[in-house]
Amino acid sequence: MTEPTTRTMPATALLGRRGEDAATSYLRSVGMSVLTRNWRRRLGEIDIIAREGVTLVMVEVKTRTGTRHGSPAEAITPAKLARLQALTNQYLAENHDRERGVRLDLVGVRIVAGEPHINHVRGISC
(Lines give C-alpha, C1' and ligand atoms only; values in the text may rest on other atoms or scores of the structure.)
Protein backbone atom coordinates (compact mmCIF):
# COMPACT_ATOMS: atom_id res chain seq x y z
CA MET A 1 0.00 0.00 0.00
CA THR A 2 1.41 3.38 -0.94
CA GLU A 3 1.29 6.63 1.01
CA PRO A 4 -1.46 8.98 -0.16
CA THR A 5 -0.30 11.95 -2.19
CA THR A 6 -1.03 15.44 -0.97
CA ARG A 7 -3.72 15.61 -3.67
CA THR A 8 -5.66 12.72 -2.12
CA MET A 9 -5.12 13.53 1.56
CA PRO A 10 -7.99 15.07 3.54
CA ALA A 11 -7.48 18.69 4.64
CA THR A 12 -7.08 17.65 8.29
CA ALA A 13 -4.31 15.20 7.38
CA LEU A 14 -2.54 17.90 5.36
CA LEU A 15 -2.80 20.29 8.30
CA GLY A 16 -1.43 17.62 10.63
CA ARG A 17 1.48 16.89 8.31
CA ARG A 18 2.26 20.60 8.05
CA GLY A 19 2.22 20.88 11.84
CA GLU A 20 4.51 17.86 12.25
CA ASP A 21 6.91 19.30 9.66
CA ALA A 22 6.98 22.62 11.56
CA ALA A 23 7.45 20.81 14.89
CA THR A 24 10.31 18.72 13.47
CA SER A 25 12.08 21.84 12.19
CA TYR A 26 11.56 23.58 15.52
CA LEU A 27 12.90 20.64 17.57
CA ARG A 28 16.00 20.48 15.40
CA SER A 29 16.49 24.24 15.75
CA VAL A 30 16.61 23.91 19.56
CA GLY A 31 19.22 21.17 19.37
CA MET A 32 17.15 17.99 19.53
CA SER A 33 17.90 15.02 17.31
CA VAL A 34 14.78 13.67 15.63
CA LEU A 35 15.03 9.87 15.59
CA THR A 36 11.74 8.99 13.88
CA ARG A 37 8.30 10.31 13.00
CA ASN A 38 4.91 8.61 13.08
CA TRP A 39 5.93 5.53 15.07
CA ARG A 40 2.76 3.41 14.83
CA ARG A 41 1.49 0.41 16.72
CA ARG A 42 -1.97 -1.07 17.27
CA LEU A 43 -2.58 1.22 20.26
CA GLY A 44 -1.82 4.40 18.31
CA GLU A 45 1.03 6.60 17.21
CA ILE A 46 3.83 8.70 18.64
CA ASP A 47 4.19 11.69 16.33
CA ILE A 48 7.90 12.36 16.88
CA ILE A 49 10.58 10.53 18.84
CA ALA A 50 13.59 12.70 19.54
CA ARG A 51 16.62 12.89 21.77
CA GLU A 52 17.73 15.84 23.86
CA GLY A 53 21.11 15.00 25.29
CA VAL A 54 20.64 11.61 26.95
CA THR A 55 16.88 12.08 27.34
CA LEU A 56 14.51 10.32 24.99
CA VAL A 57 11.62 12.67 24.16
CA MET A 58 8.25 11.45 22.92
CA VAL A 59 6.49 14.35 21.23
CA GLU A 60 2.78 14.75 20.63
CA VAL A 61 2.04 17.36 17.97
CA LYS A 62 -1.30 19.16 17.86
CA THR A 63 -1.97 21.60 15.04
CA ARG A 64 -4.76 24.15 14.93
CA THR A 65 -5.77 27.00 12.64
CA GLY A 66 -8.01 28.60 15.25
CA THR A 67 -9.43 28.15 18.72
CA ARG A 68 -12.86 26.74 17.82
CA HIS A 69 -11.73 23.23 18.86
CA GLY A 70 -9.72 24.50 21.84
CA SER A 71 -6.02 24.96 22.29
CA PRO A 72 -3.55 22.19 21.41
CA ALA A 73 -2.97 21.54 25.11
CA GLU A 74 -6.70 20.95 25.66
CA ALA A 75 -6.51 18.02 23.25
CA ILE A 76 -4.38 16.05 25.73
CA THR A 77 -7.01 14.28 27.81
CA PRO A 78 -6.20 11.81 30.59
CA ALA A 79 -7.11 8.99 28.16
CA LYS A 80 -4.78 10.38 25.46
CA LEU A 81 -1.98 10.77 28.00
CA ALA A 82 -2.44 7.18 29.21
CA ARG A 83 -2.30 5.92 25.60
CA LEU A 84 0.89 7.93 24.96
CA GLN A 85 2.47 6.52 28.12
CA ALA A 86 1.55 2.96 27.06
CA LEU A 87 3.03 3.59 23.60
CA THR A 88 6.18 4.98 25.21
CA ASN A 89 6.53 1.82 27.32
CA GLN A 90 6.05 -0.31 24.20
CA TYR A 91 8.72 1.66 22.31
CA LEU A 92 11.15 1.29 25.21
CA ALA A 93 10.51 -2.46 25.47
CA GLU A 94 10.97 -2.98 21.73
CA ASN A 95 14.13 -0.90 21.61
CA HIS A 96 15.72 -2.05 24.89
CA ASP A 97 16.05 1.59 25.87
CA ARG A 98 14.93 1.53 29.51
CA GLU A 99 18.09 2.94 31.06
CA ARG A 100 17.75 6.45 29.69
CA GLY A 101 15.56 9.28 30.90
CA VAL A 102 12.28 9.65 29.05
CA ARG A 103 10.03 12.68 28.76
CA LEU A 104 6.69 13.34 27.05
CA ASP A 105 6.36 16.75 25.38
CA LEU A 106 3.63 18.59 23.53
CA VAL A 107 4.37 20.80 20.56
CA GLY A 108 1.33 22.92 19.77
CA VAL A 109 1.33 24.49 16.32
CA ARG A 110 -1.06 27.29 15.41
CA ILE A 111 -1.14 28.30 11.78
CA VAL A 112 -1.75 32.07 11.70
CA ALA A 113 -1.80 33.92 8.37
CA GLY A 114 -0.18 30.88 6.80
CA GLU A 115 2.74 30.81 9.27
CA PRO A 116 3.28 28.24 12.03
CA HIS A 117 3.58 29.49 15.61
CA ILE A 118 5.10 26.97 18.03
CA ASN A 119 4.35 26.40 21.70
CA HIS A 120 6.58 23.70 23.22
CA VAL A 121 5.46 22.26 26.57
CA ARG A 122 8.09 20.01 28.14
CA GLY A 123 7.06 17.19 30.45
CA ILE A 124 3.30 17.11 29.99
CA SER A 125 0.97 15.33 32.38
CA CYS A 126 -2.69 15.57 33.36
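Rules of the game
- Residues numbered from 1 in each chain as written.
- Predicted model: local features only at pLDDT ≥ 70, side-chain atom pairs only at ≥ 80, totals over all residues.
- Heavy atoms only, no water.
- Core = buried A, V, L, I, M, F, W, Y, C linked by side-chain atoms within 4.5 Å.
- Buried < 20%, exposed > 50% of the residue type's maximum accessible area, 1.4 Å probe, protein only.
- Helix = DSSP H or I, 4+ residues; strand = E, 2+ residues; numbered from the N terminus.
- Contact = heavy atoms within 4.5 Å.
- Salt bridge = Lys/Arg side-chain N within 4 Å of Asp/Glu carboxyl O.

S.K.: Please explain the nonpolar core as it appears in this structure.
M.R.: One broad rule of soluble globular proteins: the nonpolar side chains tend to lie buried together. Ranked by size, the top nonpolar core spans 14 residues in total, and within it Ile49, Met58 and Tyr91 carry the most contacts. If you list the elements that add at least two residues to this core, you get strand E2 (44-52), strand E3 (55-64), helix H2 (78-95) and strand E4 (102-112). Counting residues per element, this core draws most heavily on H2, which supplies 5 residues. When residues no more than four places from it in sequence are discounted, the contact partners of Met58 are Ile46, Ile48, Ile49, Thr88, Tyr91, Val102, Arg103, Leu104 and Asp105. The next biggest cluster of nonpolar side chains, apart from the first, holds 13 residues, and it includes Ala22, Val61, Val107 and Ile111.

S.K.: I would appreciate a short explanation of the pattern of salt bridges in the present structure.
M.R.: Scanning the model with the defined rule gives 9 salt bridges in all. The shortest N-O distance in the salt bridge between Glu45 and Arg40 comes to 2.9 Å. Note that Glu60 is salt-bridged to Lys62, the shortest N-O span being 3.3 Å. You can call Lys62 buried: its relative accessible area is 17%. A cluster of three or more residues bridged by salt bridges with shared partners is formed by Glu52, Arg103, Asp105 and Arg122.

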